[in-house]
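Coordinates in review
Given next are the chains, with one letter for each unit.
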Amino acid sequence: MKLYSKISIIIAATATLSAGGCKKSFLDENQKTQLTQQSFSTPVGLIGGITGVYGSLRGLWGTEGFTNQLVAGTDETLAGGSTSNIGLFTYANIGLDDFRYIVQNAYTDINTLNGVIENANVFTDPVQRTQYVAQAKFLRGMLYYYMVVNFGEMPLHISLITNPTTSDSRAPLADLYTQMIKDFSESSKELQLKPAQPFGGKAATQATALYFLGKTYLTRGWSKAAQTGDFAAAATTFQGLIDNRAAYGIDLWQDFADAFRPANDYGKETLFVIDESSDTKYGNYAPGGSGGNYNVTNYLFRPNYPSITANYPTATGAALMTRDIPNGRPFIRIRPNTDYMLRVFAERSSDSRFDKTFQTTWISNTAGVSTPRGALTVGVDTAIWTPPFDPGAAKRATFKGVILLPPAVAAGTTANPYTPIVFPSLKKYDDPNRAAVNDPSTRPFVLARFADVYLLAAEALFKAGDLQKSADMLNVIRSRAAYKTTNTAAQNTAAAAAMQVGPAQVTLDFILDERSRETYEECTRWWDLTRTQSLGRRLQLYNSEAYPGYSKTSPAEAYSLRPIPLSLINLVTTGPALPQNPGY
């Protein structure tokens, strides 16, 4: 059961004590929610505060704006034909307040969590008190982590602010990492071992905190605040999580595709989710909603498949497809960077992940449609096919539907190329259970899954100089990638053997490529590239849409941090001004 569903019974009388709602800067003195100092005087109020923080995360993960910020301007993606913020994809005209929402959410929530921690003695049961405080510590550490990887140095507050102030300063990066490591270290011992009441579903557990603890050591190891032993500490943390996975109730699914089935959203591979619900008691869901705090990941990566007509590439003739629930609402915001996609998924015989990541066929769903090559039978014939290879001139000539190929593959042939509005569709976020075609998703947003532990461990071991163990971690993921339900046991064994890599093959770029194969467009890529100091280099290699704008910054690589929100800077009117990041 979902987190908020279980807790709702406990806080029914104070369901409005959410730290969510319309948020301004942490320095804004105007009250924006019904959470007050008096709320911290009762157990119900403290539980309401924690639940409110969990609820506020829906204002970021899964929304259109935040998703764009996490995947745009990387090697994996290009702007779709109807993108809503081209500047994020091209690094041109980035607004100085474009990233204000994460700051507004974070500091409002951090103050709430500080209040929970400081007033935890209202819980008379020591076990219960420890559990709730651990949730608050974990969430505080997570919020600071995401601010640091976006902005670098930021103000650090670990006590409840009850009076507004007009002064503040950015804390040294070392202090921020020290606090995050403290919060994650303590919560990794104090949180519940497995999800249980009142924090069910996939709320934070010891495993979640260990995941973030290892990631924080790893990220600090790459940073200017690095300490000797950071990479080794990250590797040890991840290894412990792997070794004790049975105790934590986590593991990999046998089939890569199973990690993305709606029925498995709360399953063993999932470490942490942002809950969603169509019940407005728990959020602001609305049928057909597209803005606000909705999970619209089921829209954003969709091509405009209803635009393909019988006589394509001309616009004449009937549309081959009608918009429906299985094929989704086509927002056309984000598309795969085709040339890069072809390179990282070049191995498609032994590696099953391309076909389990992308939808490349659209089965006819519209009666009475014929192309010059024949009539399409609903539910039988493929109306649109976007393979990553050329099936050959003969197949293209007789195929009743319409074929589109990667531009580099179509070049020099009569084939139709992918376009900014028609391309393979990411299917990891599909939600076939929503009521209507235009409805947002009610699936939880999976923020972390166990497969990433192996990838992060491989990165940490690579940086620590242990290439063999790094390869071993990668091979766990690659072996799983070889599995196909259509194979015999012998075929799966042979495919897994073909996928193995040795220490000589382990490089930073190989690890980043493997991350793409495993986590393509799972909303971590910008952070992965900035953490590993690879963003500019990878854009130069693979993304000609983004690199020209990125490379114009002074100093170089300035866009590997986001601008400090101008609305935050302008609120500091007493004492030294809050400085902007270089390059902005």
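Higher on the page you've got the structure.
Report on the accompanying structure. Remember, predicted model here, so these are calculated numbers, not experimental data.

1. With respect to the pattern of salt bridges
Tallied over the entire structure, the rule returns 36 salt bridges. Across the salt bridge formed by Lys137 and Glu186, the nearest N and O atoms sit 2.7 Å from each other. Taken as a pair, Lys137 in helix H6 (residues 126-151) and Glu186 in helix H7 (residues 173-190) lie far apart in primary sequence, 49 residues in all. Where Glu269 meets Arg480, a salt bridge forms, and the shortest distance between an N and an O atom there is 3.0 Å. Highlighted residues: Glu269 in the loop between helix H10 (245-248) and strand S2 (270-274) and Arg480 in helix H17 (residues 467-482), separated in sequence by 211 residues. Just as Glu269 is buried, Arg480 falls in that class too. In the salt-bridge network here, residues are joined through shared partners; they are Glu269, Asp351, Arg353, Lys428, Arg449, Arg478, Arg480, Glu514, Arg517, Glu518 and Glu522.

2. Things to note about the packing of H6 against H7
With their axes 8 Å apart at the nearest point, H6 and H7 run at an angle of 145° to one another. Crossing of H6 over H7 shows left-handed handedness. Here Thr130, Gln131, Ala134, Lys137, Phe138, Arg140, Gly141, Met142, Tyr144, Tyr145 and Val148 of H6 come into contact with H7, specifically with Leu173, Leu176, Tyr177, Gln179, Met180, Asp183, Phe184, Glu186, Ser187 and Glu190. Residue composition of the contact of H6 with H7, grouped by class: 11 nonpolar, five polar and five charged.

3. Side note on H17
When the terminal C-alpha atoms of H17 are compared, their 22 Å separation across 16 residues agrees well with the 22 Å that a helix rising 1.5 Å per residue should span. Those residues of H17 that are buried lie in contact with helix H9 (230-243), helix H13 (353-357), strand S12 (445-449), helix H16 (451-464), helix H18 (489-498) and helix H19 (508-519).

4. A short note on the packing of aromatic side chains
Inspection of the entire model under this criterion finds 33 aromatic pairs. A ring pair is formed by Trp61 and Phe66, whose centres lie 5.1 Å apart and whose planes are at 80°; its orientation type is edge-to-face. Look at Phe66 and you get buried, because its relative accessible area is 4%. Seen in terms of ring centroids, Trp61 and Tyr146 are 5.0 Å apart; in terms of plane orientation they differ by 65°. Their pairing is edge-to-face. Residue Trp61 is located in the loop between helix H2 (43-56) and helix H3 (64-71), and its partner Tyr146 is located in helix H6; the two are separated by 85 residues in the primary sequence. Tyr146 shares its class with Trp61; the two are buried. Following the ring pairs from residue to residue traces out a cluster consisting of Tyr54, Trp61, Phe66, Phe138, Tyr145, Tyr146, Phe184, Tyr211, Phe212, Phe272 and Trp527. In this structure, Arg517 is placed above the aromatic ring of Phe510, and the distance from its NZ or CZ to the ring centre is 5.4 Å. Of note, Arg562 hangs over the ring of Trp526, and the distance from its end group to the ring centre comes to 3.8 Å.

Thresholds, definitions, all that
- Residues numbered from 1 in each chain as written.
- Predicted model: local features only at pLDDT ≥ 70, side-chain atom pairs only at ≥ 80, totals over all residues.
- Heavy atoms only, no water.
- Salt bridge = Lys/Arg side-chain N within 4 Å of Asp/Glu carboxyl O.
- Helix = DSSP H or I, 4+ residues; strand = E, 2+ residues; numbered from the N terminus.
- Buried < 20%, exposed > 50% of the residue type's maximum accessible area, 1.4 Å probe, protein only.
- Axes fitted to C-alpha atoms, helices over the stretch in contact; angles between N-to-C directions.
- Left-handed = near helix turned anticlockwise from the far one by under 90°.
- Contact = heavy atoms within 4.5 Å.
- Nonpolar A, V, L, I, M, F, W, Y, C, P; charged D, E, K, R; others polar.
- Expected span 1.5 Å × (residues − 1).
- Phe/Tyr/Trp six-rings, centres within 6.5 Å; stacked < 30°, edge-to-face > 60°.
- Lys NZ or Arg CZ within 6 Å of the ring centre and 35° of its normal.

Any link to function would need more than the numbers given here.
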